[in-house]
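These are the residues of each chain, in order.
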Amino acid sequence: PTGLSYYDKELTTNKNGYTYVLLACPSPECGIAYRLQIMDKDGNKKLGRGGKVISSEKNRTWTTWNQYLQKDNYGNVFVAIQDARYDAGNVNYTILKFSEDGESLWKGTALNDGIGHPIEAGLSMLDTPDNGLLCAYSFTDIEAAKDCLHLEKLNKDGSIAWKKEIFQTTSSANPFPF
């Protein structure tokens, strides 16, 4: 955005021609604030100059490379943000969902019930035919000395349908990317 700085960005365009832009911006309060901007098919900004701040939770500087966008089947977008909102010592992914008008459709679903880890990375998301979301990511379980792949299904309302660890290996095996 003009006059504003940002560390990183994600972009995606839906079937209706709306472009979603997620920006990781510097924030004196928490280190990184996430802004969402939506542009219609004619390039008109839906959320004003600089977009809308959708998250400004405690985080780590390297988490700027752990935010993601995924379109759903109806033109909306899932936003994944990694931060330390649930545990200051660990990070976790939170999933939000927004309409083409910028309306928040999900307040924020914490993956793995908000249980974070010192290292979580490599989130992949896939929208499902029932308007839910499938999420997979890796994490290091320090206590068990294992690297794990975690798979989680979210329902269309953002509630957790199920979650499973689908793979474990010795720590530092680095299963990412998967």
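Scroll up to find the structure.
The shown structure was predicted, so the numbers you read here are calculated from the model rather than taken from an experiment.

A.B. asks: Teacher, can you tell me more about the side chain of threonine 109 here?
C.D. replies: Mapped onto the fold, threonine 109 is located in strand 8 (residues 104-110). In this structure the side chain of threonine 109 is engaged in a polar contact, spanning 2.6 Å, whose partner is the backbone oxygen of glycine 158. Once residues lying within four places of it in the same chain are set aside, the contact partners of threonine 109 are Tyr93, Thr94, Ile95, Leu154, Gly158 and Ile160.

A.B. asks: Can you help me understand the sheet that holds strand 12 (residues 160-170) in this one?
C.D. replies: Neighbouring strands of a sheet are bound in pairs by backbone hydrogen bonds; such pairs are parallel or else antiparallel. Taken in spatial order, the 4 strands make up an open sheet running 9-10-11-12, and their pairing is antiparallel. Both outer strands of the open sheet, strand 9 (120-127) and strand 12, are each paired with one neighbouring strand and no more. Shown here is a sheet whose adjacent strand axes are inclined to one another by a mean of 15 degrees, direction ignored. Of the pairings in the sheet, the one linking strand 11 (residues 146-154) to strand 12 comprises 9 bridges and is antiparallel in character.

A.B. asks: I keep staring at the packing of aromatic side chains and nothing clicks. Help me out?
C.D. replies: For any pair of aromatic rings, the description rests on two quantities: the centre-to-centre distance and the angle between the ring planes. Under the counting rule described, the total for this entry stands at 3 aromatic pairs. Here tyrosine 93 and tyrosine 137 contribute two aromatic rings whose centre-to-centre distance is 5.3 Å and whose plane-to-plane angle is 65 degrees, an arrangement assigned as edge-to-face. Separated by 44 residues along the polypeptide, tyrosine 93 in strand 7 (residues 92-98) and tyrosine 137 in strand 10 (residues 133-141) bring together distant segments of the chain. For the pair tyrosine 137 and phenylalanine 139, a centre-to-centre distance of 6.3 Å together with 45 degrees between the ring planes defines the contact as tilted. One aromatic cluster is present, built from ring pairs that chain together Tyr93, Tyr137 and Phe139. When the ring centre of tryptophan 162 is taken as origin, the NZ or CZ atom of lysine 164, which lies over that ring, is 5.4 Å away.

A.B. asks: How should the environment of lysine 164 be read in this particular structure?
C.D. replies: Mapped onto the fold, lysine 164 is located in strand 12. For lysine 164, a relative accessible area of 49% gives the class partly exposed. Among residues more than four places away in sequence, those in contact with lysine 164 are Leu149, His150 and Leu151.

Calculation notes
- Residues numbered from 1 in each chain as written.
- Predicted model: local features only at pLDDT ≥ 70, side-chain atom pairs only at ≥ 80, totals over all residues.
- Heavy atoms only, no water.
- Helix = DSSP H or I, 4+ residues; strand = E, 2+ residues; numbered from the N terminus.
- Polar contact = N/O pair within 3.5 Å; in protein donor to acceptor, adjacent residues only side chain to side chain.
- Contact = heavy atoms within 4.5 Å.
- Pairing = 2+ DSSP bridges.
- Axes fitted to C-alpha atoms, helices over the stretch in contact; angles between N-to-C directions.
- Phe/Tyr/Trp six-rings, centres within 6.5 Å; stacked < 30°, edge-to-face > 60°.
- Lys NZ or Arg CZ within 6 Å of the ring centre and 35° of its normal.
- Buried < 20%, exposed > 50% of the residue type's maximum accessible area, 1.4 Å probe, protein only.

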